[in-house]
Amino acid sequence: MLLVLGRRVSLSFVKRVIPQDPVLLSNPILQDFRTIKFRVIHSGTVFASATRQNTDTMPERRPFVRLPTDVYPVNYGLCLKPDLIDFTFEGKLEAIVKVNLATNQIVMNCADIDIITASFVPEGGEEINATGFNYQNEDEKVTLSFPSALQKGSGTLKIDFVGELNDKMKGFYRSKYATPAGEIRYAAVTQFEATDARRAFPCWDEPAIKATFDISLIVPKDRVALSNMNVIDRKPHPEDDSLLEVKFATTPIMSTYLVAFVIGEYDFVEGQSSDGVTVRVYTPTGKAEQGKFALEVAVKTLPFYNDYFNVPYPLPKIDLIAIADFAAGAMENWGLVTYRETALLIDPKNSCSSSRQWVALVVGHELAHQWFGNLVTMEWWTHLWLNEGFASWIEYLCVDHCFPDYDIWTQFVSADYTRALDLDALDNSHPIEVNVGHPSEVDEIFDAISYSKGASVIRMLHNYIGDKDFRKGMHSYLLKFQHKNAATEDLWDCLEQASGKPIALVMSSWTKQMGFPIIVVDQEQTKFLLCSISLGLACVNHPPGEDCPNWMVPISICTGEDPGCTKLKVLLDSPETTITINNISPDQWVKINPGTVGFYRIQYSSAMLEGLLPGIRDLTLLPVDRLGLQNDLFSLSRAGMISTVEVLKLMEAFVNEPNYTVWSDLSCNLGVLSSLLSHTDFHEEIQEFIRDLFTPIGLKLGWECKQGEGHLDALLRGLVLGKLGKAGHKPTLEEARRRFKDHVEGKQILSADLRSIICMYFSLTLLRSNLSHPLQLHKQADMQEEKNRIERVLGAISAPDLIQKVLTFALSEDVRPQDTVSVIGGVAGSSKHGRKAAWKFVKDNWEELHNRYQGGFLISRLIKLSVDGFAIDKMAAEVKSFFESHQAPAAERTVQQCCENILLNAAWLKRDADDIHQYLLKRKAPPV
């Protein structure tokens with residue numbers, strides 16, 4: 001599953017480095033050397049030290065017991081008959097089960113379902129009717145009681161039941177759509193991960209309890225019916241000639257959370273992969289053309305994964321389908337992958353470049369799951385990261401294969417790697433592997449740790465092992481555990497056997513504890529320039545009585561002589577070290593972590609940092625390393641380890657920067673700083689800084705696409721002009737106003753890549769009294785991507801009298817339930833007034849919002865977007881107090897992370913605001 005988705009640091013760890021891998025020196029005769037000293041600091045206490053005394057531990061977890069193993073399923077025979085008018089469904093289950101131990105009861109998962117009758121037929125015996133159904137609603141279980149013991153052996157469990165097609169975007173639910181003629185209708189669709197198959201049929205809803213499925217659907221004859229497998233029979237229903245009974249082939253053995261069925265009105269486009277798999281992309285009626293790009297990606301992706309894993313895709317078909325109301329980005333149901341419309345549909349004329357890239361990544365992510373997650377499944381949700389971390393890494397490998405011009409691995413660092421470091425720097429982060437019990441706890445771990453940190457440590461591991469041995473180990477893992485379940489240690493064993501390296505020892509330090517090391521680097525220069533690396537477990541600010549964290553850290557080093565070539569590799573696995581590099585001239589810089597692959601932060605000495613600045617200005621440092629250097633410093637400034645002024649000085653060195661992703665990361669960090677300084681009376685000064693930094697690249701790019709430009713140029717133009725407009729750059733705003741006027745009058749149609757930012761300028765400069773025009777455009781938009789664009793525009797409105805209208809609109813029928821969160825979040829991020837208004841709106845409408853999302857991950861996202869930008873201590877107390885009296889079990893950790901972030905923001909502002917102000921004033925003062 002893909003979500004449409006901080007900082008933990010402490011002075012703790014000084015470690016000696018013992019070279020494990022060969023030292024790669026260009027000359028065995030030592031001539032010139034440099035010494036670099038390394039010190040490792042644990043990420044937890046430095047970044048979080050401002051908040052440690054105010055941070056509570058997580059509440060005690062609810063008791064939970066997994067299902068008993070005395071009875072388990074072998075095959076589910078399931079027939080469902082949804083009513084698309086009354087929003088109910090009838091179900092019949094005939095499950096072949098194995099009784100391992102004689103018992104007079106069967107315990108299954110069941111939620112929001114009423115069982116009508118239940119019975120058990122022993123193989124070759126008489127039917128035994130159940131005498132009672134005991135629902136344990138809090139644990140989402142039902143116990144079926146029988147008058148006598150069910151004897152050891154095989155039998156058939158029969159259950160008739162009814163349920164509701166709910167509107168919560170989970171389980172078996174209804175999704176609203178409009179026909180081409182404008183009539184409102186509903187589809188019946190599913191979303192079962194993590195624990196919602198039990199809302200569609202009684203089942204053993206745990207990933208390790210696998211079975212095969214024979215599914216039949218009774219549906220209106222004018223509707224499309226889809227499930228995991230291909231259709232093997234379609235016949236009129238004997239009792240109603242307006243209905244069809246559609247029967248699907250038997251599935252492979254699989255987990256319940258991967259079962260899926262969809263009933264609705266759809267068109268499709270079809271293709272076939274080079275290895276013979278039929279691929280279809282289902283779209284809303286009349287929009288088949290919008291499925292062609294995703295089809296192109298899918299047809300390329302399946303053979304890529306077949307080759308990479310050296311294991312064939314095991315099903316005869318795969319369908320990708322766009323669902324109107326869908327909470328996540330997409331869901332990897334085996335053979336029937338469900339998507340938000342914006343994650344699958346591309347209009348050739350009206351979709352922007354970033355949307356195409358997003359669709360490519362999401363398709364790559366979900367199709368990777370067909371092997372890694374579906375064929376081999378985690379044993380329990382503790383190992384969720386095996387699914388999501390791996391898919392979040394290999395989606396980039398796939399897109400790099402399909403679209404090499406995207407420079408996608410540099411984008412990975414900005415989109416996933418730094419995002420994971422930010423969250424993992426908090427005291428209220430969690431390890432990649434986190435014990436999960438009660439279903440209410442599962443949604444909490446669908447976050448940037450499981451996805452983005454998981455992907456980042458897999459990337460680091462891949463780099464450490466090398467691609468050849470990594471692929472060999474992955475092939476072994478998939479073959480050994482296909483159609484079975486596995487734990488993290490099983491993957492380490494296979495990779496260790498393939499590579500001969502201590503994978504389990506190295507990786508357990510990254511998956512079983514939260515946080516990351518900070519490597520503090522210094523250098524000593526003698527007549528033989530010497531490089532010495534020392535790390536240490538200083539445990540500064542570490543809580544007494546706790547063991548200091550320790551990491552096995554793969555380290556790489558490059559130099560200015562050849563920035564693209566790793567000069568030396570070591571595995572840091574003991575307290576301190578000294579490393580020698582030869583043939584380094586005095587004017588050459590030394591860079592730690594080339595490629596920004598290792599999952600850690602780096603703090604260079606002032607002299608080393610000064611030496612790296614020319615590599616930024618003259619672009620000899622690779623883009624990914626320019627990005628990583630800036631992002632590390634920005635993070636360290638928030639932690640109070642360096643002054644924010646030092647970061648601003650570094651940012652000014654990027655004046656010649658041409659790379660989209662580097663600018664994107666700069667833009668993001670300046671956005672964080674701008675939000676922080678909105679709490680001061682010198683907010684305009686940081687806007688001026690942004691204008692000065694972005695104006696040269698804005699002038700170079702201009703507004704019109706030039707011959708020979710590609711995907712990244714389109715992304716960069718939209719980013720830069722958008723940043724300039726938001727910072728109040730008058731020439732940019734005036735040109736945007738002119739282009740918007742021409743667009744409205746039909747003189748010049750706006751390109752899709754510039755439409756969002758020009759509309760945003762419209763909201764910033766023209767919308768002062770009413771919303772009638774953008775709301776009319778929203779109503780007329782036929783493409784969900786366009787509706788989302790307009791929703792982002794509305795979220796950016798800062799006029800106080802319009803903000804409340806935008807918030808009210810967010811909860812209206814005109815906004816898809818999954819998009820309400822981003823509209824409210826947009827208001828919260830638009831201005832200081834918007835932040836306050838959005839938080840008040842969330843509090844005033846909490847009951848409706850919480851009921852709408854039923855404790856899923858969207859509620860966590862709503863909370864984070866609404867309050868993360870505050871920077872006043874008392875707001876942390878207010879947020880904490882509100883959620884103590886308004887429980888949101890699935891968002892408990894998110895609430896604590898938000899409170900911690902607010903306190904960190906407040907400490908940052910108190911510590912650096914005056915220095916930042918003085919620096920910004922000094923910049924614009926005339927020279928003396």
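Cut-off values and rules
- Residues numbered from 1 in each chain as written.
- Predicted model: local features only at pLDDT ≥ 70, side-chain atom pairs only at ≥ 80, totals over all residues.
- Heavy atoms only, no water.
- UniProt positions renumbered as here; feature names shortened; annotations may be inferred.
- Salt bridge = Lys/Arg side-chain N within 4 Å of Asp/Glu carboxyl O.
- Buried < 20%, exposed > 50% of the residue type's maximum accessible area, 1.4 Å probe, protein only.
- Phe/Tyr/Trp six-rings, centres within 6.5 Å; stacked < 30°, edge-to-face > 60°.
- Helix = DSSP H or I, 4+ residues; strand = E, 2+ residues; numbered from the N terminus.
- Lys NZ or Arg CZ within 6 Å of the ring centre and 35° of its normal.
- Axes fitted to C-alpha atoms, helices over the stretch in contact; angles between N-to-C directions.
- Parallel < 35°, antiparallel > 145°, perpendicular 65-115°, else oblique.
- Left-handed = near helix turned anticlockwise from the far one by under 90°.
- Contact = heavy atoms within 4.5 Å.
- Pairing = 2+ DSSP bridges.
- Nonpolar A, V, L, I, M, F, W, Y, C, P; charged D, E, K, R; others polar.
- Polar contact = N/O pair within 3.5 Å; in protein donor to acceptor, adjacent residues only side chain to side chain.

The protein chain carries the name Aminopeptidase in an unreviewed UniProt entry, which gives Oncorhynchus mykiss as its organism. The UniProt entry for the protein chain carries the following comment under Sequence similarities (unreviewed entry): "Belongs to the peptidase M1 family." We quote the UniProt Subunit (unreviewed entry) comment for the protein chain here in full: "Monomer."

1. A few points about the pattern of salt bridges
Within the structure shown, the criterion is met by 48 salt bridges. Note that Asp 205 is salt-bridged to Arg 198, the shortest N-O span being 2.9 Å. Residue classification places Asp 205 among the buried positions, given a relative accessible area of 3%. The buried category is assigned to Arg 198, whose relative accessible area is 3%. Three or more residues joined by partner-sharing salt bridges are found here, namely Asp 112, Glu 140, Asp 196, Arg 198, Arg 199 and Asp 205.

2. Observations concerning the packing of aromatic side chains
Counted by the stated rule, this structure contains 45 aromatic pairs. When the centroid spacing of 6.0 Å and the interplanar angle of 35° are considered together, the rings of Phe 309 and Phe 390 count as tilted. Taken together, the positions of Phe 309 in helix 2 (residues 292-309) and Phe 390 in helix 4 (residues 384-402) put the pair 81 residues apart, joining distant regions of the chain. In this structure, Phe 309 and Phe 390 share a single accessibility class: buried. Sitting over the ring of Trp 380, Arg 66 keeps its end group 4.1 Å from the ring centre. Over the aromatic face of Phe 268 sits the side chain of Arg 280, whose NZ or CZ is 4.0 Å from the ring centroid.

3. Quick notes on the packing of helix 14 (residues 660-677) against helix 16 (residues 711-726)
Orientation of helix 14 relative to helix 16, taken along the N-to-C sense of each, is 25°, at an axis distance of 9 Å. On the basis of the axis angle, helix 14 is roughly parallel to helix 16. When the axes of helix 14 and helix 16 are compared, the crossing they make is left-handed. For the pair formed by helix 14 and helix 16, the contact residues are Tyr 660, Trp 663, Ser 664, Ser 667, Leu 670 and Gly 671 on the first element and Leu 712, Leu 715, Leu 716, Leu 719 and Lys 723 on the second.

4. Some remarks on the sheet that holds strand 7 (residues 132-136)
Within the open sheet, the 3 strands sit side by side as 4-8-7. Their pairing is antiparallel. Across the chains shown, the open sheet's two edge strands, defined by having one partner strand only, are strand 4 (103-109) and strand 7. For this sheet, the mean angle separating the axes of adjacent strands, direction not counted, is 25°. Alignment of strand 7 against strand 8 (residues 141-150), held across 5 bridges, turns out to be antiparallel. Bridge pairing in strand 8 places Gly 132 opposite Ser 145.

5. Description of the packing of helix 21 (residues 800-810) against helix 22 (residues 817-830)
The contact between helix 21 and helix 22 brings their axes to 9 Å, and the two run at 165°. Between helix 21 and helix 22, the crossing angle belongs to the class labelled roughly antiparallel. The two elements helix 21 and helix 22 cross, and the hand of that crossing is left-handed. When helix 21 is examined against helix 22, the residues Ile 803, Val 806, Leu 807 and Ala 810 are found in contact with a partner set consisting of Thr 820, Val 823, Ile 824 and Val 827. Per-class residue counts for the contact of helix 21 with helix 22 are 7 nonpolar, 1 polar and no charged.

6. With respect to unusual backbone geometry
Peptide bonds are mostly trans, and most non-glycine residues show a negative phi. The omega torsion of the bond from Glu 193 to Ala 194 falls at 10°, within 30 degrees of zero and hence cis. As for its placement among the helices and strands, Ala 194 is situated in the loop between strand 11 (184-191) and strand 12 (212-220). Of note in the backbone geometry, Asp 407 takes a positive phi value of approximately 50° without being a glycine. Note that Asp 407 resides in the loop between helix 4 and helix 5 (408-424).

7. Observations concerning the environment of Lys 512
Along the chain, Lys 512 falls in the loop between helix 10 (503-511) and strand 24 (517-524). Residue classification places Lys 512 among the partly exposed positions, given a relative accessible area of 48%. C-alpha separation for the pair Lys 512 and His 430, spaced 82 residues apart in sequence, amounts to 9.0 Å. Lys 512 has contacts with Pro 431, Glu 433 and Glu 489, leaving out every residue within four places of it along the chain. Among the polar contacts listed, one links the side chain of Lys 512 to the side chain of Glu 433, at a separation of 3.3 Å.

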